[in-house]
Amino acid sequence: MAWPTGFRACTGHGGLREHGDDISIVTVDTDIAPGSVTVRFGDAEVYPGEPEADTLDKLVGIMRQDEVDIVITLGVGEAEATVYGCDLSAGYIRINADYTT
């Protein structure tokens, strides 16, 4: 699957080197090798391989949940971090746009 450059860049710290399909993310301490990276939405792995039709069907159900765990494994070190996000759908933006201060 061809992931957008921004998605690739968000999985590391520092600069991004891209040469055609050969991508490496440069960090202060180490380089992240794309072949070591995995990305899962819930229990559905979507990277490095291209998701099959049954995985895409499974992802529809996962993405409809109130909470979705997105796990990115970089293949370097033993550190762990938790990041929280929120729904930025049109409905969410409309509700927040109605607030007045």
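Everything quoted here is computed from the prediction, not taken from an experiment.

What counts as what
- Residues numbered from 1 in each chain as written.
- Predicted model: local features only at pLDDT ≥ 70, side-chain atom pairs only at ≥ 80, totals over all residues.
- Heavy atoms only, no water.
- Patch = residues over 30% accessible without salt bridge, like charges linked within 9 Å, V, L, I, M, F, W, Y side chains within 5 Å.
- Areas by Shrake-Rupley, 256 points an atom, 1.4 Å probe, with all protein chains shown as cover.
- Salt bridge = Lys/Arg side-chain N within 4 Å of Asp/Glu carboxyl O.
- Buried < 20%, exposed > 50% of the residue type's maximum accessible area, 1.4 Å probe, protein only.
- Pairing = 2+ DSSP bridges.
- Helix = DSSP H or I, 4+ residues; strand = E, 2+ residues; numbered from the N terminus.
- Axes fitted to C-alpha atoms, helices over the stretch in contact; angles between N-to-C directions.

Enquirer: What should I look at first to understand a nonpolar patch on the surface in this one?
Expert: Among the surface-exposed residues, Leu88, Tyr92 and Ile93 lie close enough to one another that they form a single nonpolar patch of about 310 Å² accessible area. Its relative accessible area of 33% is what places Tyr92 among the partly exposed residues.

Enquirer: Help me understand the sheet that holds strand β4 (residues 38-41), please; the structure alone is not making it clear to me.
Expert: Through backbone hydrogen bonds, the strands of a sheet pair up, either in parallel or in antiparallel fashion. As summarised here, the arrangement of the three strands in space is β5-β4-β6, forming an open sheet in which the pairing is antiparallel. Because the sheet does not close on itself, it has two edges, and the strands there are β5 (44-47) and β6 (70-73). Sheet twist, expressed as the average angle between the axes of neighbouring strands with direction ignored, equals 25°.

Enquirer: It is not clear to me how unusual backbone geometry should be interpreted in this structure. Could you clarify?
Expert: In terms of backbone geometry, most residues other than glycine have negative phi values and most peptide bonds are trans. Along the chain, Tyr47 connects to Pro48 via a cis peptide bond; the corresponding omega equals 25°. Within the secondary structure, Pro48 sits in the loop between β5 and α2 (53-63).

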